[in-house]
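Observations on chain architecture
Here's the letter readout for the chains.
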Amino acid sequence: MQVLKFGGTSVAKAENIEKVISIVTKAISKETTVVVVSALGGITDILLDSATIAASGSPDFVEKISIAEKRHFDCVSQLIGNNPPEELVSFIKITFEEIKNLCNGILLLNELTPRSKDRIAGYGELLSSKIITAAFNQKSISANWLDARKLIVTNSSFGAALVDFDITNQKINDAVKEHGANLFIVPGFIASDTHGVSTTLGRGGSDYTAAIFAAAISASNLEIWTDVSGMMTADPRLSSNAKIIPYISYQEAMELSHFGAKVIYPPTIQPVMSKHIPVWIKNTFAPDDFGTMISSQQSLNNKNNNIITGISSINNICLITLEGSGMVGIPGFSKRLFEALSNEKINVILITQSSSEHSITVAIDSSMFEKAKSAVDAIFSNEIALGKVEPLILEKDLSIVALVGENMENHTGVSGRMFSAMGRNGINIRAIAQGSSEKNISAVIFTKDVKKTINILHEEFFETTYKQVNVFLAGAGNVGKKLLSQLKHQSETLQKNLHLNIRLTGIINSRKMLVNESGIDAENWEQEISQGIDADLNGFVKQIIDLNLRNTVFVDITANESVANVYEQLLEKSIAVVACNKIAASSAYSNYKKLKQLAREYNTQFLFETNVGAGLPIIGTINDLIHSGDKINKIEAVLSGTLNFVFNNYNGTKSFAEVVKMAQDEGYTEPDPRLDLGGKDVMRKILILAREAGEQLEMDAIENNSFMPNECMQGTVDEFYASMGKFESHFKSLYEDANVNGNKLKFVASFENGKASVGLQQIQPNHDLYNLFGKDNIVLFYTDRYKEQPLVIKGAGAGAEVTASGVFADIIRASKI
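Scope of this entry: the structure provided in the associated data block. All figures in this text were calculated on a predicted structure; none of them were measured in a lab. (Residues numbered from 1 in each chain as written. Predicted model: local features only at pLDDT ≥ 70, side-chain atom pairs only at ≥ 80, totals over all residues. Heavy atoms only, no water.)

**Quick look at the packing of aromatic side chains**
In this structure the tally under the stated criterion is 18 aromatic pairs. For the ring pair Phe 333 and Phe 380, a centre distance of 5.7 Å and an interplane angle of 5° mean the geometry is stacked. Separated by 47 residues along the polypeptide, Phe 333 in helix H12 (residues 333-343) and Phe 380 in the loop between helix H13 (369-379) and helix H14 (381-385) bring together distant segments of the chain. Residue Phe 380 is classed as buried on the basis of its relative accessible area, which comes to 0%. Judged by centre distance (5.3 Å) and plane angle (70°), the rings of Phe 647 and Phe 707 are edge-to-face. Of this pair, Phe 647 sits in helix H24 (residues 641-649) while Phe 707 sits in the loop between strand E26 (703-705) and helix H28 (717-726), and the two are 60 residues apart along the sequence. Phe 707 matches Phe 647 in its accessibility class, with the two residues each being buried. Taken together, the aromatic side chains of Phe 647, Tyr 650, Phe 656, Phe 707, Phe 731, Tyr 735 and Phe 747 make up a single cluster linked through ring pairs. Positioned above the aromatic ring of Tyr 770 is the side chain of Lys 744, whose terminal nitrogen or guanidinium carbon lies 4.7 Å from the ring centre. (Phe/Tyr/Trp six-rings, centres within 6.5 Å; stacked < 30°, edge-to-face > 60°. Helix = DSSP H or I, 4+ residues; strand = E, 2+ residues; numbered from the N terminus. Buried < 20%, exposed > 50% of the residue type's maximum accessible area, 1.4 Å probe, protein only. Lys NZ or Arg CZ within 6 Å of the ring centre and 35° of its normal.)

Okay, structure coming up:
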């Protein structure tokens, strides 16, 4: 014999019940089958709502009951036709008359007792099971209806009654033997106490009914038919990458169902586990899918090689903490705490205690807090009055996330990986618990972090394909466009070689902004952002923080101070920052240091390789030298691709202003070329290099030997170009003085003995800086290891393509933390 249970959407409407009939028809061709059914979809809620309305003194319950009655007759009409059995029609009418009379009584008494609530809640299963029985008989498939209230005997704990298995097992066996049919239909969820009063097994109790029947008749298997193809590694509503678990042990299934997995009702496992009856979770709407098989661990050996079987969560949790110096070394505090909670029927979900015995913390359902506080404060009133114990401490808006898996036992490093992955993404853990059986590791976190945490852990333990990285981009000019093109072009390579999926999730420019959690097409982003909302930097940052996505990287490709000012709040949320913008790293040393410290404190990254030398590995090289124990004694560098381009192309045949304009048109200059020509941009760069080398240097300590006339540095950019024309003779004389000596003009940045300077210099042919062409940059590092012959880094130091590639590299670095 076998037991099949159908509930939820499986019996929500007539069309779905036809699928149930098809599945059962195949099942009974193999062996005798007991079918347990839930109420039609939503009916239990309608009935309970009707009772609640009646208890409030309103007669509006009548309309709700009429809606429920019509739904049942519509279902009968669709399943059986216009001439259903008179017995069925009579049963439905009488049942709804009983419901109305019961609600009228509740209305008169102005009270809804647990006993009345149980009776009303159970009508849905009675009605659906009768209709489904008639539908089978209509199709000439003989079906016997069994009244679960006469077979399952419980105590009188209305709402979640406890089963008397000795009496129940005997009654079920006797009923099955007496009828000797091939198909039995049983209403789930309902039972009765020893006085014959209707009780229920708890919401979701139809699963439990099926398990009770399966254990009683020693069924060959129990099948739970739902609207999903098995238990999943995580809630698919929270993790789009959740996978079906093909095999799972009884213990693992109980852990996952206890911690929020909705596919199976938690008490269901116990009756079948004691009899080693396998349980299948199957999909009514995809009956050929394999589903999930729940059985003993021994039978699952070699079938599930994952360390973790699944990830689950419970919301609406609060932590209550009893603490005080008077608890240390004094036995009995825990006993009294748990007795106080037990007396109020408060279920303890998780327990953790400090080894100092100074405090004990438990997790309970948030709705029970007031009762818990009153009970605990009362039982410890003397200790509280004497100051030995503090009044009960509450933390709300919490959830529990749990890793579950038999294979965690004696497998080192699981908890380390769990907490490390959460820490990297800024998830604050409020409490931790792990049983000695090592089947479960639970962490209490803020509810707002649940979705992010589930995805982090799922990625850590299940997703061998790729790591999802969410990029939010500020700035979509030349460099931004090149970056997005590179991201699009390299997406397949990154997934294949680095297992990274870099997704553009948000973008903001000076006019518009767009955020899409599902991703923005890197190829059509311009069209998509044109339909976005007006740009609001603070609003953009708020959306990034509120979305709370895993592996988030904020990329700044602007020269905007306001954008640089948001780094702090992003880093404090463990959001990595990749900055092409030099303003933050060259701001006051205290701010630079604070940003670096925040990145370390919140286990994230603050990367700005492209601040100096575009895509050249200059800052990374400094870090490698310092970290490996070298000391940088001197830096000489040409750090402006713009100025190098200008002086490599200026020979007096074209005006200086024309050459500068050519550099701007090529995209080599800052938006305001005076930042380059005045030396301020180079000052920022040498400042950053000096700081990365370990020097506490400020901008105003850098000597700037500017070659630009002061008048040229005033007014607008257009006025700047006009002013340069007036001073053409000045620029020409600089060139000719160098040329007559066989030298070249280079704008050189230097750092030595704690001092930095920038300025135009004549470079002789035998110097390392002489042969530097186009827009190239060069940096010479003189260190303890590179004393006489410097370490040289040389290459293109400007241009959208190479700058974008440097930003791209920083994104990858930030993603791999």
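Once you've had a look at it, read on.
**Quick word on the pairing of strand E10 (residues 279-283)**
Counted residue by residue, E10 has five buried out of five residues, so it is predominantly covered. By the alternation rule, side chains of E10 split into Val 279, Ile 281 and Asn 283 and Trp 280 and Lys 282, which are all buried. By the bridge criterion, five bridges tie strand E8 (residues 222-226) to E10 in an arrangement that is parallel. If you follow Leu 222 over to E10, its bridge partner there is Val 279. (Pairing = 2+ DSSP bridges.)

**With respect to the side chain of Glu 125**
Mapped onto the secondary structure, Glu 125 falls in helix H6 (residues 123-138). A residue is classified by how much of its surface remains accessible, and Glu 125, at 4% relative accessible area, is buried. At 3.2 Å, the side chain of Glu 125 forms a polar contact with the backbone nitrogen of Ala 39. Setting aside its immediate chain neighbours within four residues, Glu 125 contacts Val 37, Ser 38, Ala 39, Thr 44, Pro 187, Gly 188, Phe 189 and Ser 206. (Polar contact = N/O pair within 3.5 Å; in protein donor to acceptor, adjacent residues only side chain to side chain. Contact = heavy atoms within 4.5 Å.)

**Some points on the pairing of strand E14 (residues 359-365)**
Across the seven residues that make up E14, a large majority, six, are buried. Of the pairings in the sheet, the one linking strand E12 (residues 310-323) to E14 comprises seven bridges and is antiparallel in character. Note on E14: the bridge partner recorded for Glu 323 is Ser 359. Sheet topology places strand E13 (residues 350-353) next to E14; four bridges connect them, and they run antiparallel. Within the sheet, the bridge partner assigned to Thr 352 lies in E14 and is Thr 361.

**What to know about the packing of helix H4 (residues 86-109) against H6**
It is the contact of H4 with H6, at a shortest axis distance of 10 Å, that shows an interaxial angle of 175°. In terms of orientation, H4 and H6 fall into the roughly antiparallel class. Taken together, the residues of H6 that come into contact with H4 (itself represented by Leu 88, Phe 91, Ile 92, Thr 95, Phe 96, Glu 98, Ile 99 and Leu 102) are Tyr 123, Leu 126, Leu 127, Lys 130, Ile 131 and Ala 134. Residue composition of the contact of H4 with H6, grouped by class: 11 nonpolar, one polar and two charged. (Axes fitted to C-alpha atoms, helices over the stretch in contact; angles between N-to-C directions. Parallel < 35°, antiparallel > 145°, perpendicular 65-115°, else oblique. Nonpolar A, V, L, I, M, F, W, Y, C, P; charged D, E, K, R; others polar.)

**Brief notes about the environment of Val 563**
By the element assignment, Val 563 lies in helix H20 (residues 561-564). If near-sequence neighbours (up to four positions away) are discounted, Val 563 is found in contact with Ala 474, Leu 537, Phe 554, Asp 556 and Thr 558.

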